[in-house]
Amino acid sequence: MKRVSSILLIQACLCFSSGIARAAEFPPVTEEERALTAVTGEPNAPAVVLFKKGEFLMMGHGLVTGSLASHLRVQARVKILTEAGRSNGEITIAHSDFTRLKGFEGRTVLPDGRILPVPADAQFVRKTSSSRKTFVTAVAFPAAEVGAILDYRYELVFKSPFLLDPWYFSENVPVRRSEIVFKAGSGWRMRPWSRSPFGVKIQQEQEKTPRGEVLRAWAENLPAVPEDPYGPPFADLATQMMLLPASRIVGPYQSQPLLDTWASVSWLIGMTYRDILGRDGGVAQQARKIASSGTTREKARALYRFVRDEIETEPAPGVFVDSEASLRKLLAGRRATPAEKALLLHAMLKAVQVNSVLVWAGDRNRGAMDTNLPNPGWFDKVLVLADVDGDRPFLDPSDPALGFGQLQAGYEGTTALIAGFGKVQAVPLPEAPFSENLRRAEIDLALDGQGRLSGTGILRLTGHPAWEKTDWQDGGAQAVQAWQDWLAGRYRDFQISGVKAVEEPDERKVTVTWSMAQREEEVLGDETSLAPSAPLGPLAQPFVQPASSRKTAVMFDYAKREEVELRLRWPEGWKIESLPRPVSLRSSAGALTAGVEVKEGERSLIYRRQLDVIRRNLNGPREYEEVRTLFAEAEKSDAQPLLLVRRR
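Residues numbered from 1 in each chain as written. Predicted model: local features only at pLDDT ≥ 70, side-chain atom pairs only at ≥ 80, totals over all residues. Heavy atoms only, no water.

1. So, the overall build of the chain
Move 1: Assigned secondary structure in the chain consists of ten helices and 35 strands.
Move 2: Taken along its principal axes, the extent of the C-alpha atoms in the chain is 95 × 75 × 45 Å.
Move 3: Looking at the chain as a whole, 51% of its 648 residues qualify as buried.
Move 4: Sequence separation of 24 or more characterises 75% of the internal contacts of the chain that already satisfy a separation of 6 or more.
Move 5: Taken as a whole, the chain presents about 29000 Å² of accessible surface, with 48% of it coming from carbon and sulfur. (Helix = DSSP H or I, 4+ residues; strand = E, 2+ residues; numbered from the N terminus. Buried < 20%, exposed > 50% of the residue type's maximum accessible area, 1.4 Å probe, protein only. Contact = heavy atoms within 4.5 Å. Areas by Shrake-Rupley, 256 points an atom, 1.4 Å probe, with all protein chains shown as cover.)

In structure tokens, the structure reads:
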């Protein structure tokens, strides 16, 4: 099941009191719930969420006087409808040092009425990040069979008073009813926000109490969030809601803006930035030592590499920083969060007279942001926009696989925010041309007199494909082994040897070389065949649905180009029996060309294949059918083997 929520932190200090009693038992299972076997409108649904309830108690809503911690209580009931739905018999809950999981309870109610509590040994806690102290608790329900009903509840305790991520009414299976109750103390002005992409109505009730404000929201009969191949992220498609603190009352006629406007958000967080930047601690002197000479670009590159490589990145996404942090501590400890690394680089650039500003950016894969809502939770990274010899590169020193001026694919083309000290300006992040995101394979094979193929291969990656395979393993030996395994999976008839991999993050290049020889047991003696598109093919059609069944737009990680060039030689006495047919296709989605150049006198050929996906996002039935046709033609072309036989 989809994780219900996560948090980003904001600092504040107010307290108030209230109380709440927790139900001692799960609600009884109704006869209607027992009888349910299918969901109206979604007859093939593997499972259904019968109900999901959340209760968010801002700053504990009085549970602990004086505490800044907030609590989210979750209760849900799921019914398994088919064999495929048994996978819903395991749920995962993410938590961390900042988000503590408290008091999980669960049970399985079998069709015959028996009740099986979730035993303690059915909960497995797995650490996902040692440095950030993040965990996932996986819970396996007993006897999760067809017809079983799964009940569970738990509580998340946040060190932060606010929740800046939404409550998701939707799930990956249908939801009959989902509700959330927000409880905030008096003295706060809250701002509700919601999104319902498929038009499900969110109903709301608001009430003022002596302890503060209560907002209750619910939705019914929510369809399953579509999981189309290359579809948008879950957050784009789910019905959801947030309640953000716009301001708080600080006097009879005064209020303090918090998340009221982008200017107030920028001022709130920018004040912390200013305090940290004001505590230099010798950083300027260190910067001038690192970048003592050279052009402006050379100085900026040197400082970027220092912060990227010499300061270890402590995973902690978001734009917030610890108000107690200092540049001196960051430099001395050689460890910082991405936001802190951006502050450090910004300060060091200033020390060598390179102007720069801090930029908030959000990964598109987390979901589309609504810039009408001033929520810093939209952003998960701080970049540095520098002025370098008339150029303005965006610098991300948090990722060791990124070179100077390079961005991860999820950030390209998104709207970022220059923020700090009350000033805000929206800026588009640049997007690399598709041709720069290249995977190119060059294969050189020769057939000997016994009918055995052997030769060498080179795989060249640039742009985002190179970033994906830079620093992707724990050390060079592991990377070579991973490439060895990848090649072996694409050349199952060959023995792969001599694999070498060179990663050049500053150039955004990866080069892999290898030798290959057909396995003795695969040699037929009088004929040989191979898939000429390997190792980048044969490609399988990912878009199997017709346009009439597709519910979402197409969203690739990035636009790209793939090239294969195969050179093949054969001895006298052999001939070509069959070749892939030439193909040339071009549309608004991309292009495919494939063909063979035969040199009979030299007993050799060159096979070339190029597949271009020129756009990252495609919308509507026409564009979907175009990309579907493109991949269908690639699949058809790749399936045609190259066959050589001995002359008789």
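The structure having been displayed, the exposition proceeds.
2. Section: the sheet that holds strand β12 (residues 203-209)
Move 1: Read from one edge to the other, the open sheet built from eight strands follows the order β5-β4-β8-β2-β1-β10-β13-β12, with strand pairing classed as mixed. Of all the strands in the sheet, just β5 (115-117) and β12 have a single pairing partner and so form its edges. Averaged over all adjacent pairs, the angle separating strand axes in this sheet is 10 degrees, with direction ignored.
Move 2: In terms of strand pairing, strand β1 (residues 47-57) meets strand β2 (residues 70-80) through ten bridges, oriented antiparallel. Each bridged residue has a counterpart across the sheet, and for G54 the counterpart in β2 is V74. (Pairing = 2+ DSSP bridges. Axes fitted to C-alpha atoms, helices over the stretch in contact; angles between N-to-C directions.)

3. Notes on the pairing of strand β4 (residues 99-109)
Move 1: Pairing between β4 and strand β8 (residues 149-158): nine bridges, direction antiparallel. Residue pairing in the sheet places R107 in a bridge with D151 of β8.
Move 2: Direction of pairing for β4 relative to β5: antiparallel, over a ladder of three bridges. Each residue of the ladder has a partner; that of T108, found in β5, is L116.

4. So, the side chain of E155
Move 1: Note that E155 resides in strand β8.
Move 2: Classification of E155 by relative accessible area gives buried; the value is 2%.
Move 3: Here the side chain of E155 touches R73 through a polar contact of 3.1 Å, side chain to side chain. (Polar contact = N/O pair within 3.5 Å; in protein donor to acceptor, adjacent residues only side chain to side chain.)

5. With respect to the pairing of strand β13 (residues 212-222)
Side chains on a regular strand alternate between the two faces of the sheet.
Move 1: In terms of strand pairing, strand β10 (residues 175-185) meets β13 through ten bridges, oriented antiparallel. Within β13, the residue paired with V181 across the bridge is R216.
Move 2: Relative to β13, β12 runs antiparallel, the two sharing seven bridges. Counted as the bridge partner of E205 is R216 from β13.
Move 3: Linking two consecutive strands that pair antiparallel, namely β12 and β13, is a turn of two residues.

6. Concerning unusual backbone geometry
Move 1: Here A534 and P535 are connected by a cis peptide whose omega angle stands at 5 degrees.
Move 2: Position of P535 relative to the elements: it lies in the loop between β27 (527-530) and β28 (554-555).
Move 3: Residue P538 is reached from G537 by a cis peptide bond, and omega for that bond is 0 degrees.
Move 4: With respect to the helices and strands, the residue P538 is situated in the loop between β27 and β28.
Move 5: Even without being glycine, Q353 reaches a positive phi, approximately 60 degrees.

7. Re helix α5 (residues 296-310)
Helical periodicity: at 3.6 residues per turn, an α-helix aligns residues three or four positions apart in one direction.
Move 1: Between its first and last C-alpha, α5 extends 21 Å over 15 residues, near the 21 Å set by a 1.5 Å rise per residue.
Move 2: When α5 is considered as a whole, its buried residues turn out to be A300, L303, Y304, F306, V307 and R308.
Move 3: Elements in contact with the buried residues of α5: α4 (283-290), α6 (327-333), α7 (338-351) and β20 (394-395). (Expected span 1.5 Å × (residues − 1).)

8. A look at α4
Move 1: For α4, the set of buried residues is V283, A284 and A287. Take α4 and look down its axis: the buried residues cluster within an arc of 100 degrees, on one side only. What points out from α4, more than 90 degrees from its buried face, is the exposed set Q285 and K289.
Move 2: For α4, the elements touching its buried residues are α5, α6 and α7. (Arc of directions from axis to C-beta.)

9. Observations concerning the pattern of salt bridges
Move 1: This model, assessed by the stated rule, comprises 46 salt bridges.
Move 2: Across the pair D396 and K381 runs a salt bridge whose closest N-O atoms are separated by 2.9 Å. Of this pair, D396 sits in the loop between β20 and β21 (415-420) while K381 sits in strand β19 (residues 381-386), and the two are 15 residues apart along the sequence.
Move 3: For D396, a relative accessible area of 2% corresponds to the buried category.
Move 4: With a shortest N-O distance of 3.2 Å, R567 and E565 are connected by a salt bridge.
Move 5: When its relative accessible area of 14% is taken as the criterion, E565 is described as buried. (Salt bridge = Lys/Arg side-chain N within 4 Å of Asp/Glu carboxyl O.)

10. Digging into the layout of surface pockets
Move 1: Taken as a whole, the second largest pocket spans an internal volume of roughly 570 Å³.
Move 2: Lining the second largest pocket are 25 residues, and of these Y230, R439, L536, K560 and E562 sit closest to its centre.
Move 3: Broken down by secondary-structure element, the contributors of at least two residues to the lining of the second largest pocket are β24 (453-462), α8 (464-468), α9 (476-490), β29 (560-569) and β33 (604-613). (1 Å grid on protein atoms, 1.4 Å probe; cavity = no way out; pocket = protein on both sides within 12 Å on 5 of 7 lines; lining within 4 Å. Points joined across faces, edges and corners; volume = space filled by probe spheres on them.)

11. With respect to the packing of aromatic side chains
Move 1: For the coordinates displayed, the defined rule picks out 19 aromatic pairs.
Move 2: Relative to F543, the ring of Y230 has its centre 5.6 Å away and its plane inclined at 45 degrees; by these criteria the two rings are tilted. Here F543 lies in the loop between β27 and β28 and Y230 lies in the loop between β13 and α2 (234-237), a separation of 313 residues in the sequence.
Move 3: Taking relative accessible area as the criterion, Y230 reaches 37% and is therefore assigned partly exposed.
Move 4: Ring centres of Y491 and F494 lie 5.8 Å apart, and the angle between their planes is 75 degrees; this geometry places the pair in the edge-to-face category.
Move 5: Note on F494: relative accessible area 6%, which makes it buried.
Move 6: One aromatic cluster is present, built from ring pairs that chain together Y230, F543, F556, Y624 and F631.
Move 7: Of note, K53 hangs over the ring of F51, and the distance from its end group to the ring centre comes to 5.1 Å.
Move 8: Between the NZ or CZ atom of R216 and the centre of the ring of W218, over which it lies, the distance is 4.2 Å. (Phe/Tyr/Trp six-rings, centres within 6.5 Å; stacked < 30°, edge-to-face > 60°. Lys NZ or Arg CZ within 6 Å of the ring centre and 35° of its normal.)

12. As for the sheet that holds β29
Move 1: Taken together, eight strands build an open sheet; the order of strands is β25-β26-β24-β23-β29-β33-β32-β31 and the sheet is mixed. This sheet does not close on itself; its edge strands, each paired only once, are β25 (494-504) and β31 (583-586). Going from strand to strand, the sheet's axes swing by 10 degrees on average, the running direction of each strand aside.
Move 2: Its contacts with the sheet put α9 on β23 (438-447), β24, β25 and β26 (509-518), and the angle it makes with β25 is roughly 135 degrees.
Move 3: Here helix α10 (residues 620-638) sits on the sheet and contacts β31, β32 (590-599) and β33; the angle it forms with β32, its principal contact strand, is near 20 degrees.

13. Let's talk about the nonpolar core
Move 1: In this structure, Y273, L349 and W360 are the most contacted members of the largest nonpolar core, which totals 52 residues.
Move 2: With nine residues, α7 is the single largest residue contributor to this core.
Move 3: If near-sequence neighbours (up to four positions away) are discounted, W360 is found in contact with W262, V265, S266, I269, Y273, V319, F379, K381, V382, A416, L417 and A419.
Move 4: In terms of nonpolar packing, the next biggest core, distinct from the first, is built from 47 residues, L530, L536, L566 and W574 among them. (Core = buried A, V, L, I, M, F, W, Y, C linked by side-chain atoms within 4.5 Å.)

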